[in-house]
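Observations on the model geometry
The primary structure of each chain is shown beneath.
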Amino acid sequence: DPLLEAPLKRPTFGPYSKFPPVERDFSLIVPESLTYERLCRAIQELKIEEIQDIEPLERKLPAELPAGTAPKGHVSLLVRVRFQSLTRTLTREEVDNAAERIVLSLAPLGANLRG
């Protein structure tokens, strides 16, 4: 009954791209206290127009990681970022530059690429 009483959501439509997306996976070591919401916000604050989606793929706790992989109190997080332009195919250099900016923006939060 509560579901039937809730207002229906109106469908929304947005432009779609005829150009291919590029996905980059970031295997990160992050502090356990860092929330996924905060991590996404740091990426979104870069205002990289071509970022279409940020998706968590995998989270591994310290006990699941090989010894010496992560400092104490850190977890492994695999995040996929999808880049796509509405007007053109992105070049490798553009995506590499955006990926580098993402990694640099996460460093102050204690998140680093898994080595």
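Everything discussed here concerns the structure shown above.
What you see is a predicted model, and the numbers here were worked out from it, not measured in a lab. (Residues numbered from 1 in each chain as written. Predicted model: local features only at pLDDT ≥ 70, side-chain atom pairs only at ≥ 80, totals over all residues. Heavy atoms only, no water.)

**Quick look at the overall build of the protein**
- Regarding its fold elements, the protein presents three helices and four strands.
- Listing each helix as α and each strand as β along the protein from the N terminus yields α-β-α-β-β-α-β.
- In terms of C-alpha radius of gyration, the protein reaches 17 Å, well past the compact-globule figure of 13 Å for 115 residues.
- If one aligns the C-alpha atoms of the protein with their principal axes, the spans along those axes are about 50 × 50 × 20 Å.
- Counting across all 115 residues of the protein, residues that qualify as buried make up 30%.
- In the protein, the share of contacts with a sequence separation of at least 24, taken over all contacts with a separation of at least 6, comes to 78%.
- Within the structure as shown, the protein displays about 8300 Å² of accessible surface, and the carbon and sulfur contribution to it stands at 53%.
- Each charge class in the protein was averaged separately, 16 positive and 17 negative side chains, and the resulting centres sit 2 Å apart. (Helix = DSSP H or I, 4+ residues; strand = E, 2+ residues; numbered from the N terminus. Rg over C-alpha atoms; globule rule 2.2 N^0.38 Å. Buried < 20%, exposed > 50% of the residue type's maximum accessible area, 1.4 Å probe, protein only. Contact = heavy atoms within 4.5 Å. Areas by Shrake-Rupley, 256 points an atom, 1.4 Å probe, with all protein chains shown as cover. Lys, Arg positive; Asp, Glu negative; His and termini not counted. Charge placed at Lys NZ, Arg CZ, Asp CG, Glu CD.)

**Describing the sheet that holds strand S4 (residues 112-113)**
- Taken in spatial order, the four strands make up an open sheet running S2-S3-S1-S4, and their pairing is antiparallel. Each edge of the open sheet carries a strand with a single partner, namely strand S2 (51-60) and S4.
- Each of strand S1 (22-31), S2, strand S3 (74-83) and S4 touches helix H3 (residues 92-106); the most contacted strand, S1, lies at about 15° to it. (Pairing = 2+ DSSP bridges. Axes fitted to C-alpha atoms, helices over the stretch in contact; angles between N-to-C directions.)

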